[in-house]
Structure formats: C-alpha cells, structure tokens
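The lines below spell out each chain.
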Amino acid sequence: MTKTLQAALAPLMIVGSFCSVGLFEYPLGHSWSYLSCLYALAIWSFLTYSVYYPVYSAVWGLTHLAVLLVYFIITIGAITSVLASFFYSKELKMCLHELSLVDDIMEAVGAPKEYQRSRKWIIRITILWIVYVFQSLVHLTYFNWFFLHLGFYEIYEICMMNYPYFLHFLSALICGTILGYTSSRFHQVNDRLHVLYSDLFENISDYRGQNRSIVVCQRITETVDRKQYMWILM
C-alpha cells in the first residue's frame, strides 16, 4: 500500500537518478548529493572523452555545420537538464512536501488519496520509457550491423550519441508527471470547494427559509390576536 507521494513517484525518480536526472535517495527522502554529483560527473566525463569529443572531431569537416550545431545544442541541453535537476532538487522536495500537505487536507474533508493508482500509472510510464530506449537501441544496432556493416565501437558511438535524446525525454516525463499531478490536485481542490460552497449555500437557504416561516407564523399570530382584541372591544 502506497502511503506517501514520494513513494508513488519513486519508480520514475529512481530511473532518473541512474540517468543523472535527479539525486540518489536511500532511504526514501534522504538525498545523497555528493554521490549523485560524482556519479553524474563520472558518466558525462566518460561519455565526453570516449564518444562526444572523438565523434565531433572526426566529423567536423565532413558534416554540415547546422547538423553539428543541432547535435551540440542537444548535448548541451542535456547537461543543462542534469545541472538544473541538481540545483532545484530542494525546491522539488519542498513542492512534493506541500503537495502531500494538500493531500492530507483533502483527505480530512472527504477526498481520498490516490497514491496507489498514481504509482501504477508511473510504473507504466517508466516501463514504456525503458521499452522505448531498448527498442531504439536495438533498431540502431540492427541497422548499422546488418546494413552498414559497422563495427562494435562505431555502433556504440552511434547509440551513445542518442543518449541526450533519451535524457530529454526522461526529463520531460518527470516534469510532466509532477505538473500533471499538481494540476489534478488543484482540480480536486476546486471541485471540493464547489461541493462545500453548494452545501453551505443550501444550509443558508434552509436557515433563511426557517427564519421566514417563523416570521410568517409570528405575523399570523399577531394578526389573529389583533382580531381577537378588536372583537372584544366591539
């Protein structure tokens, strides 16, 4: 049974941390900042030394400058996403904590938490991303091995050149998941406020109706008493 929002988002966050888009957390909620930074530095240093620098140096004069510029921007964007995920990790944790408080308040007014269903959807999204990555790598390997007859190292370079694409896709999934969950919470709060407003309006209407009926009865009673007084006087 999933009891916290962090536990519901854990599958996607774990994959993101292994891809350098996020911090390692063990146990859940305890971040390993230095280990995550060293891991990201090692991964990107290895990729830059073994793939990006040799490839860009080899194709610098053979490929159009616009194509190289596109690949360079995509790579720089991926590195920027990694740095931004580390820099805004505290803000993300504060956002998730505040969302948890909103969920607690909504549960107190009668709206159940949906962490279990959210976790199932997040697991499906994570599996789809993994399947997409493996399908793309298998397609690249098959095409370059059987049709272009490239060697293992060339295929490895081509696959690693697509790593920034996969990283951008994963970053978009993480941001979209968090923004989508936040949007659903706001919609649920809005719906609950509408329900509370309707109940309050009905109670006020009933209260006013009761007051009006009491006032009418008092006026009828006063009218009857006045008629009796007039009859006695006559």
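Quick caveat, the model's predicted, so the values are computed rather than measured.

Caption draft 1: Region of interest: the overall build of the protein chain. On a plain count of helices and strands, the protein chain comes out with seven helices and two strands. Ordered by position in the sequence, the α and β elements of the protein chain form the string α-β-β-α-α-α-α-α-α. Counting the 234 residues in the protein chain, one finds 29% classified as buried. Across the protein chain, every contact between residues at least 6 apart in sequence was considered, and the portion connecting residues at least 24 apart equals 72%.

Caption draft 2: Structural view of the nonpolar core. Within the largest apolar cluster, 34 residues are counted, with the highest numbers of intra-cluster contacts made by L5, W44, Y52, W129, Y163, L167 and L170. Breaking this core down by element, the ones donating at least two residues are α1 (5-18), α2 (33-58), α3 (65-87), α4 (89-108), α5 (115-146) and α7 (163-233). Ranked by the residues each element gives to this core, the list is headed by α7, at eight residues. In this structure, W129 is in contact with V15, C19, F166, F169, L170 and L173, ignoring residues within four places of it in sequence.

Caption draft 3: Representation of the UniProt feature "transmembrane region" (unreviewed entry) in the protein chain within the structure. Per the UniProt record, the feature "transmembrane region" (unreviewed entry) sits at residues 6-24, 31-53, 65-88, 121-143 and 163-182. Across residues 31-53, helical content stands at 91% and strand content at 9%; the span's end C-alpha atoms are separated by 32 Å.

Caption draft 4: Representation of the environment of A10 within the structure. Within the secondary structure, A10 is located in helix α1. Of the residues examined, A10 reaches a relative accessible area of 13% and is grouped as buried. Those residues in contact with A10 that sit more than four places away from it in its chain are L28 and R119.

Caption draft 5: Inspection of the packing of α2 against α3 at higher detail. Viewed as axis vectors pointing N to C, α2 and α3 meet at an angle of 175 degrees, and their least axial separation amounts to 12 Å. Classified by the angle between their axes, α2 and α3 sit roughly antiparallel to one another. In contact with S36, C37, A40, W44, Y52 and Y56 of α2, α3 contributes L68, Y71, F72, T75, A78, I79, V82 and F86. Of the residues that constitute the contact of α2 with α3, the class distribution is twelve nonpolar, two polar and no charged.

Caption draft 6: Spotlight on the packing of aromatic side chains. Within the structure shown, the criterion is met by ten aromatic pairs. Between Y132 and F169, the aromatic rings sit 5.2 Å apart at their centres with planes inclined by 90 degrees, giving edge-to-face as the arrangement. Taken together, the positions of Y132 in helix α5 and F169 in helix α7 put the pair 37 residues apart, joining distant regions of the chain. Look at F169 and you get partly exposed, because its relative accessible area is 36%. Taken together, a centroid distance of 6.1 Å and an interplanar angle of 40 degrees make the contact between Y153 and Y156 tilted. Here Y153 pairs with Y156, and both are found in helix α6 (residues 152-161), just three residues apart, close to one helical turn. Among the aromatic residues, those joined into a cluster by ring pairs are F18, F24 and Y39.

Caption draft 7: Up close: the packing of α1 against α5. Packing of α1 against α5 brings their axes to within 8 Å, and their N-to-C directions diverge by 5 degrees. The orientation of α1 with respect to α5, classified from their angle, is roughly parallel. Contacts from L5, A7, A8, L9, A10, P11, L12 and V15 in α1 reach Y115, R119, I122, I123, T126 and W129 in α5. Residues of the contact of α1 with α5, tallied by class, amount to twelve nonpolar, one polar and one charged.

Caption draft 8: The arrangement of α1 in detail. Helix length check: α1, at 14 residues, gives a terminal C-alpha distance of 20 Å against a target of 20 Å (1.5 Å per residue), a fit within 8%. Counted residue by residue, α1 has ten buried out of 14 residues, so it is predominantly covered. Among the residues of α1, L5, A7, A8, L9, A10, P11, L12, V15, G16 and S17 are the ones counted as buried.

Caption draft 9: View of a nonpolar patch on the surface. Together, Y142, F143, W145, F146, F147, L148 and F152 make up a nonpolar patch on the protein surface, roughly 840 Å² of accessible area in all. Here the nonpolar patch takes four residues from α5, the largest share from any one element.

Caption draft 10: The arrangement of the confidence of the model for the protein chain in detail. In this model, the protein chain carries a mean pLDDT of 78, and residues with pLDDT of at least 70 account for 83%. Per-residue pLDDT, averaged within each element of the protein chain, yields its smallest value for α7 (65) and its largest for α5 (88). The low-confidence segment residues 212-234, where pLDDT is below 50, has zero contacts with residues more than four positions distant or belonging to other chains.

Rules used throughout
- Residues numbered from 1 in each chain as written.
- Predicted model: local features only at pLDDT ≥ 70, side-chain atom pairs only at ≥ 80, totals over all residues.
- Heavy atoms only, no water.
- Helix = DSSP H or I, 4+ residues; strand = E, 2+ residues; numbered from the N terminus.
- Buried < 20%, exposed > 50% of the residue type's maximum accessible area, 1.4 Å probe, protein only.
- Contact = heavy atoms within 4.5 Å.
- Core = buried A, V, L, I, M, F, W, Y, C linked by side-chain atoms within 4.5 Å.
- UniProt positions renumbered as here; feature names shortened; annotations may be inferred.
- Axes fitted to C-alpha atoms, helices over the stretch in contact; angles between N-to-C directions.
- Parallel < 35°, antiparallel > 145°, perpendicular 65-115°, else oblique.
- Nonpolar A, V, L, I, M, F, W, Y, C, P; charged D, E, K, R; others polar.
- Phe/Tyr/Trp six-rings, centres within 6.5 Å; stacked < 30°, edge-to-face > 60°.
- Expected span 1.5 Å × (residues − 1).
- Patch = residues over 30% accessible without salt bridge, like charges linked within 9 Å, V, L, I, M, F, W, Y side chains within 5 Å.
- Areas by Shrake-Rupley, 256 points an atom, 1.4 Å probe, with all protein chains shown as cover.
- Salt bridge = Lys/Arg side-chain N within 4 Å of Asp/Glu carboxyl O.
- pLDDT = per-residue confidence, 0-100.

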